[in-house]
Amino acid sequence: MSITRIALAAALSAILSVSLVAPAAAARVYNPDSNLWEESTTVAARSKRGSAIAKAIVDYETTLKPGTIVVETSERRLYLVMEDGKALRYGIGVGRDGFRWQGQHKITRVAEWPGWTPPPAMRKRVPDLPAYMPGGPDNPLGARALYIGSTLYRIHGTSEPWTIGQAVSSGCIRLTNEDVTDLYERVKVGALVVVRQ
């Protein structure tokens, strides 16, 4: 074997051994919520953490009857009115600037693992959205949805739990899948929903 071949084999061997030992560069992915390119491991870790806003029973004086849902948009909290001056408080994600709203409606329908049909205005803003997305863990509506009156808005779960506490939606109220499942078990069709700014 010539000295050149031996040197070439040694160099290739060294390169191969370094590439096997050196850590692979983490893939970068675009995060539309932050409008930044981020390490995929960071995004994955954040998605597993869920919401930092824990569900809790709190004092809540109101004249609204038990079973009423009150959305306090500025607080990023949803309250389910209970008996004896109490409420169950959940952390929520709300509409971003230009998509916030207020009013009173009733829950007209509820669904488990709902399918999603983006409204025409949303598809116009984001042309690559599908016309329909079947229900499941990757669906933006998450594990449960409570439909609010004749509006396009819902109280629903999310496949992006790190958005709880932020203003990122197109007007819908987001909870973690765990929290929306809990709320779904407690709320009936016909319940009043009060959304405040």
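Please refer to the structure placed before this passage.
Residues numbered from 1 in each chain as written. Predicted model: local features only at pLDDT ≥ 70, side-chain atom pairs only at ≥ 80, totals over all residues. Heavy atoms only, no water.

Peer 1: Any chance you could explain the sheet that holds strand S8 (residues 103-112) here in plain terms?
Peer 2: Strands pair in a sheet through their backbones, by hydrogen bonds, and they do so in one of two ways: parallel or antiparallel. The strand order across the open sheet formed by nine strands is S3-S6-S5-S4-S13-S8-S9-S10-S12, and the pairing between neighbours is mixed. Strands with a single pairing partner mark the edges of an open sheet, and in this sheet they are strand S3 (56-59) and strand S12 (173-174). Relative to strand S13 (residues 192-196), S8 runs antiparallel, the two being bridged by four bridges. Bridge assignment links histidine 105 to a residue of S13, and that residue is valine 193. (Pairing = 2+ DSSP bridges. Helix = DSSP H or I, 4+ residues; strand = E, 2+ residues; numbered from the N terminus.)

Peer 1: Would you explain the nonpolar core in this entry?
Peer 2: Burial of nonpolar side chains together is a common tendency in soluble globular proteins. One finds Ile69, Leu78, Leu146, Ile155, Leu175, Leu183 and Val187 to be the most contacted residues of the largest nonpolar core, which totals 21 residues. Broken down by secondary-structure element, the contributors of at least two residues to this core are strand S4 (69-72), strand S5 (77-81), strand S6 (86-91), strand S9 (144-148), helix H4 (177-186) and S13. Those residues in contact with isoleucine 155, other than ones at most four positions away along the chain, are Ile69, Leu78, Arg144, Ala145, Leu146, Ile148, Ile173, Leu175, Val180, Leu183 and Val193. Of all hydrophobic cores here, the second largest spans seven residues; its members include Ala111, Trp116, Met122 and Ala145. (Core = buried A, V, L, I, M, F, W, Y, C linked by side-chain atoms within 4.5 Å. Buried < 20%, exposed > 50% of the residue type's maximum accessible area, 1.4 Å probe, protein only. Contact = heavy atoms within 4.5 Å.)

Peer 1: What am I meant to see in the side chain of glutamate 72 here?
Peer 2: Relative to the assigned elements, glutamate 72 resides in strand S4. Given the relative accessible area of 13%, glutamate 72 is considered buried. Every residue in contact with glutamate 72, bar those within four places of it in the chain, is listed here: Tyr60, Arg77, Tyr79 and Arg196.

Peer 1: How should I be thinking about the packing of aromatic side chains in this particular structure?
Peer 2: On inspection of all chains with the given rule, the structure shows two aromatic pairs. Judged by centre distance (4.6 Å) and plane angle (20°), the rings of tyrosine 60 and tyrosine 79 are stacked. Taken as a pair, tyrosine 60 in the loop between S3 and S4 and tyrosine 79 in strand S5 lie far apart in primary sequence, 19 residues in all. Across the pair, exposure class does not vary: tyrosine 60 and tyrosine 79 are buried alike. Their ring planes at 10° and their centres at 4.7 Å tell us that tryptophan 101 and tyrosine 153 sit as a pair that is stacked. Residue tryptophan 101 is found in the loop between strand S7 (94-95) and S8, and its partner tyrosine 153 is found in the loop between S9 and strand S10 (154-156); the two are separated by 52 residues along the sequence. One Lys or Arg, arginine 96, reaches over the ring of phenylalanine 99 and ends 4.5 Å from the middle of that ring. (Phe/Tyr/Trp six-rings, centres within 6.5 Å; stacked < 30°, edge-to-face > 60°. Lys NZ or Arg CZ within 6 Å of the ring centre and 35° of its normal.)

Peer 1: What is the right way to look at H4 in this model?
Peer 2: Because an α-helix completes one turn every 3.6 residues, residues spaced three or four positions apart along the sequence face the same direction. Among all positions in H4, only Asn177, Asp179, Val180, Asp182, Leu183 and Tyr184 are buried. Of the surrounding elements, those touching the buried residues of H4 are S4, S5, S6, S8, S9 and S10.

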